[in-house]
Amino acid sequence: MELDHKDLLQQIARLSETYANLADRLSQAAKQLQDSGLPPSDSLLQEVAAYSRNFAAVQKQALELNKSAIAPGEIASLKEIQNLVETAAASEGKAEIRDAALKVIDRVLAIAHREQSDFAPLQSVHARARELQRAISESTPTQLHSDAESLVSGKHPVSAVLALVEQQDKLDDEQWVILEETVSAAFGKQIAVAISRGKLTIAEMVNAAPAKVEPAFKAAPEQKISAEPLPEVIVIPSGNVAPKQVTVAPQIQILESPAPSVPMHEVIIVPSVEVPKSLQTTGSGNIVFGAPRDIQPAVAVEGALGIKVLVHIQGIGDRTFGSQEYAGSKGRGLRVEGFAINIDPPIPGLNVEYMAHVEGVGDTPWLSEGELAGFRGQAKRIEGFAVRLSGPQADKYDVFYGAHIQNIGDTDVSSNGEYCGTRGKALRIEGIKVWIAQSASSQTAAPVGLKVLAHIQGIGDRTFSDREYAGTKAQGRRVEGFQIKIEPPVAGLNLQYMAHVEGVGDTAWISEGELAGFRGKAKRIEGFAARLTGPQADKYDVFYTAHIQNVGDTPVTANGQYCGTRGKGLRVEGMTVWVEPKA
């Protein structure tokens, strides 16, 4: 049975009670031996031998329990053993508080605004939380940071923010007032108002609970949402029409059943589409768009080489993944602390090199394949990295990679030595994806598919594919926002778009998957443009048209040219977008 520090201290106490009496008796026996030659009694010798065995056992247990590198000869007395165990016990208690405080901070850093990704008051909370995270992580086991206990007990302003967001429905009025005053005093009234209006949420509350990290993500079990089998879906129209029964396709999951006591006018099953976390709670709790991104299978890239990616993950250790597999975790706040990449099986004349930006260290030199970029056991996060190929065969291949970054999400795909990540923002990389494919010069352009999500007046979000008309005609409904995404992804090819929005004007160029326009603000899209980026962009063209109020269908526009009107008060009622390889 394993001992803890308390049990071991009790054993030491019993030995302490024994050795004083034994010492007196040995002293008397030594005097008799010196004066008259009388040897010590057998019982006394047996007691000395028993004490020696017990001392050695306690000494060994103390060293094992504390995982100490100290040699047995360096703690030669029972008092030294006792001091070692007491110091370790105190450190263990502080380590538990330290770990609990870091978990609180991770939860705080997962808080997001439902509508504004750059909500300034929340950013100040995150900045303070990151300062605490760094300070507590760097504190020694025997020197607990002064704020750690207040974070765990809930008395710290950062903890108060978490309590208001996470437990607001469980707090009584008195608790709410105390916490709200604490938050307002530390971070301003605006964030307290946002919390009270339900504008802040925790990422884990939006998505399904993250799956347990396994050695390889592709083998992760599918989540079971409903405890009872649902052999069919009943679609109930809003009018007096007989219900229709529809067989459930294997790819459709019923994520939440309506409560029996709630009247249900209509259940809508929509195609899968990825939407930002901040938007996934929009609308009824019974309508869910898409599947969690971290369980979607990797998309195969034709001609990709075999590679092994080893990542050292906070609290988990080393895990190994293959080409295009997501190597890390999502939604758990765990940092990647190191990684190594190998071409497997090897390709003669082709080598991979990589570097990393490491917390407190900066940029590492370029490392050869198989070497660890980063550290084990030093709790230092990787904040960015780059990968490149070398050797006589390097010009025949391209290496592509991306990352999932704290508070940012998935990056665009980088390639061939481009830096991927951040510097100086204290943001951890939580996972990476790397693959190697034949260079563009040796490949023909692959077909490109798109997913287009249009937010339509009075209807909401609807999803369409490339070349499919996304919107309405002859209904007078405006398109209020849209998202476009290359689906499935094409290595080295990314898409951006912008829109002219009523009362706002031209937006900036937006990365694929983000919303151009608004939900819930009744603002029309009056025009838009799309363009391609990335190493493969010169092999494709993006085309698009729009159907505009009082104008009709526009001519086909391409590659960043503006499509629509400005300043005429005319709404876009629908759009069509597609990508073609260049002739």
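Shown above is the structure to which this text applies.
Residues numbered from 1 in each chain as written. Predicted model: local features only at pLDDT ≥ 70, side-chain atom pairs only at ≥ 80, totals over all residues. Heavy atoms only, no water.

## Observations concerning the pattern of salt bridges
Then step 1. One pass over the full model with this rule turns up 26 salt bridges.
Then step 2. For Arg 467, the salt bridge identified is with Glu 580, shortest N-O distance 2.7 Å. Of the two residues, Arg 467 sits in the loop between β20 (460–465) and β21 (470–471) while Glu 580 sits in strand β32 (residues 572–581), which places them 113 residues apart along the sequence.
Then step 3. One continuous salt-bridge network, built from bridges that share partners, spans Arg 134, Glu 359, Arg 381 and Glu 383. (Salt bridge = Lys/Arg side-chain N within 4 Å of Asp/Glu carboxyl O. Helix = DSSP H or I, 4+ residues; strand = E, 2+ residues; numbered from the N terminus.)

## Points about empty space enclosed by the protein
Then step 1. Scanning the model with the defined rule gives two cavities of 30 Å³ or more in all.
Then step 2. Put simply, the largest cavity is a space of about 100 Å³.
Then step 3. Looking at the largest cavity, it is lined by 13 residues, and the ones nearest its centre are Gln 133, Ser 137, Arg 335, Glu 359 and Arg 381.
Then step 4. Along the lines of polarity and charge, the residues of the lining of the largest cavity split into one nonpolar, five polar and seven charged.
Then step 5. Approximately 30 Å³ is the volume attributed to the second largest cavity. (1 Å grid on protein atoms, 1.4 Å probe; cavity = no way out; pocket = protein on both sides within 12 Å on 5 of 7 lines; lining within 4 Å. Points joined across faces, edges and corners; volume = space filled by probe spheres on them. Nonpolar A, V, L, I, M, F, W, Y, C, P; charged D, E, K, R; others polar.)

## Brief notes about the nonpolar core
The nonpolar side chains of a soluble globular protein tend to be buried, and buried together.
Then step 1. Ranked by internal contacts, the top residues of the largest apolar core, which has 38 residues, are Val 311, Phe 339, Phe 385 and Ile 432.
Then step 2. For this core, the secondary-structure elements that each account for two or more residues are β5 (307–313), β8 (336–343), β9 (351–358), β13 (382–390), β14 (397–405) and β18 (429–438).
Then step 3. Leave out the neighbours within four places in its chain, and Phe 385 touches Phe 339, Met 355, Ala 356, Tyr 401, Gly 402, Ala 403, Glu 418, Tyr 419, Cys 420, Ile 429 and Ile 432.
Then step 4. Among the nonpolar cores identified, the runner-up in size contains 37 residues, and Ile 484, Val 542, Tyr 544 and Val 572 belong to it. (Core = buried A, V, L, I, M, F, W, Y, C linked by side-chain atoms within 4.5 Å. Buried < 20%, exposed > 50% of the residue type's maximum accessible area, 1.4 Å probe, protein only. Contact = heavy atoms within 4.5 Å.)

## Observations concerning the pairing of β8
Then step 1. By the criterion of burial, β8 is predominantly enclosed, with seven of the eight residues buried.
Then step 2. Two strands pair when backbone bridges link them, and β5 and β8 are joined in this way by seven bridges, in the antiparallel orientation. From the neighbouring strand, Val 311 faces β8, where its bridge partner is Phe 339.
Then step 3. Sheet topology note: the β8/strand β12 (residues 373–374) ladder contains two bridges and is antiparallel. The partner of Phe 339 across the bridge, within β12, is Ala 373. (Pairing = 2+ DSSP bridges.)

## Section: the packing of helix α7 (residues 173–187) against helix α8 (residues 189–196)
Then step 1. Following both chains from N to C, one finds α7 and α8 inclined at 140°, their axes separated by 7 Å at the closest point. Between α7 and α8, the interaxial angle falls into the category oblique. For the pair α7 and α8, contact is made by Trp 176, Glu 180, Val 183, Ser 184 and Phe 187 and by Lys 189, Ile 191, Ala 192, Ile 195 and Ser 196, respectively.
Then step 2. Its residues placed into classes, the contact of α7 with α8 shows six nonpolar, two polar and two charged. (Axes fitted to C-alpha atoms, helices over the stretch in contact; angles between N-to-C directions. Parallel < 35°, antiparallel > 145°, perpendicular 65-115°, else oblique.)

## A word on the environment of Leu 350
Then step 1. Of note, Leu 350 is situated in the loop between β8 and β9.
Then step 2. When near neighbours in sequence (up to four residues on either side) are disregarded, Leu 350 contacts Leu 305, Ile 343, Glu 369, Leu 389, Ser 390, Gln 393, Ala 394 and Tyr 397.

## Some words on the packing of helix α6 (residues 157–167) against α7
Then step 1. It is at 9 Å that the axes of α6 and α7 come closest, and there the two elements cross at 130°. On the basis of their axis angle, the class for α6 and α7 is oblique. Our pair here, α6 against α7, has a crossing hand that is left-handed. Touching Pro 157, Val 158, Ala 160, Val 161, Ala 163 and Leu 164 of α6 are Trp 176, Leu 179, Glu 180, Thr 182, Val 183, Ala 186 and Phe 187, all from α7.
Then step 2. Among the residues forming the contact of α6 with α7, the class breakdown is 11 nonpolar, one polar and one charged. (Left-handed = near helix turned anticlockwise from the far one by under 90°.)

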